[in-house]
Amino acid sequence: MIKLVLSVVACALIVISGIVLHGLYAFELPERAQQTLSFSLGDARLEGTLLLPDNKHNLPVVLLGCVP
């Protein structure tokens, strides 16, 4: 009985994971201007892509940081 329950839960998790991963294509924005940024401090390195807005409004800035 326990094996049956675990099998059903595992199948449900696989299906849910597939649905969630299928929606990730929405995060690709090829029409946006992009710029690659990287910051280094000692042995730590932070690298990522900045997606630039279409218009020139004064939008708020968000900075993400990592402290080693």
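What you are looking at is a predicted structure, and each value in this text was computed from that prediction instead of being measured. (Residues numbered from 1 in each chain as written. Predicted model: local features only at pLDDT ≥ 70, side-chain atom pairs only at ≥ 80, totals over all residues. Heavy atoms only, no water.)

**Student:** Honestly, the overall build of the chain in this entry has me stumped. Any pointers?
**Tutor:** The helix and strand tally for the chain stands at one helix and two strands. Start at the N end of the chain and walk to the C end: the helices and strands fall as α-β-β. Per-residue burial over the chain gives 0% buried out of 68 residues. Counting only carbon and sulfur atoms, one obtains 67% of the accessible surface of the chain, whose full area is about 6,800 Å². (Helix = DSSP H or I, 4+ residues; strand = E, 2+ residues; numbered from the N terminus. Buried < 20%, exposed > 50% of the residue type's maximum accessible area, 1.4 Å probe, protein only. Areas by Shrake-Rupley, 256 points an atom, 1.4 Å probe, with all protein chains shown as cover.)

**Student:** What exactly am I supposed to notice about the pairing of strand 1 (residues 33-41) here?
**Tutor:** In the case of a regular strand, side chains alternate between the two sheet surfaces. Alignment of strand 1 against strand 2 (residues 44-52), held across nine bridges, turns out to be antiparallel. Note on strand 2: the bridge partner recorded for serine 40 is arginine 45. Two successive antiparallel strands, strand 1 and strand 2, enclose a turn made up of two residues, where glycine 42 displays a positive phi of approximately 65 degrees. (Pairing = 2+ DSSP bridges.)

**Student:** What should I look at first to understand the environment of glutamate 47 in this one?
**Tutor:** For glutamate 47, the position within the fold is in strand 2. Looking at glutamate 47, the relative accessible area reads 52%, which means it is exposed. Separated by eleven residues in sequence, glutamate 47 and threonine 36 place their C-alpha atoms 7.5 Å apart. Not counting the four nearest positions on each side in its chain, glutamate 47 is found in contact with Leu37 and Ser38. (Contact = heavy atoms within 4.5 Å.)

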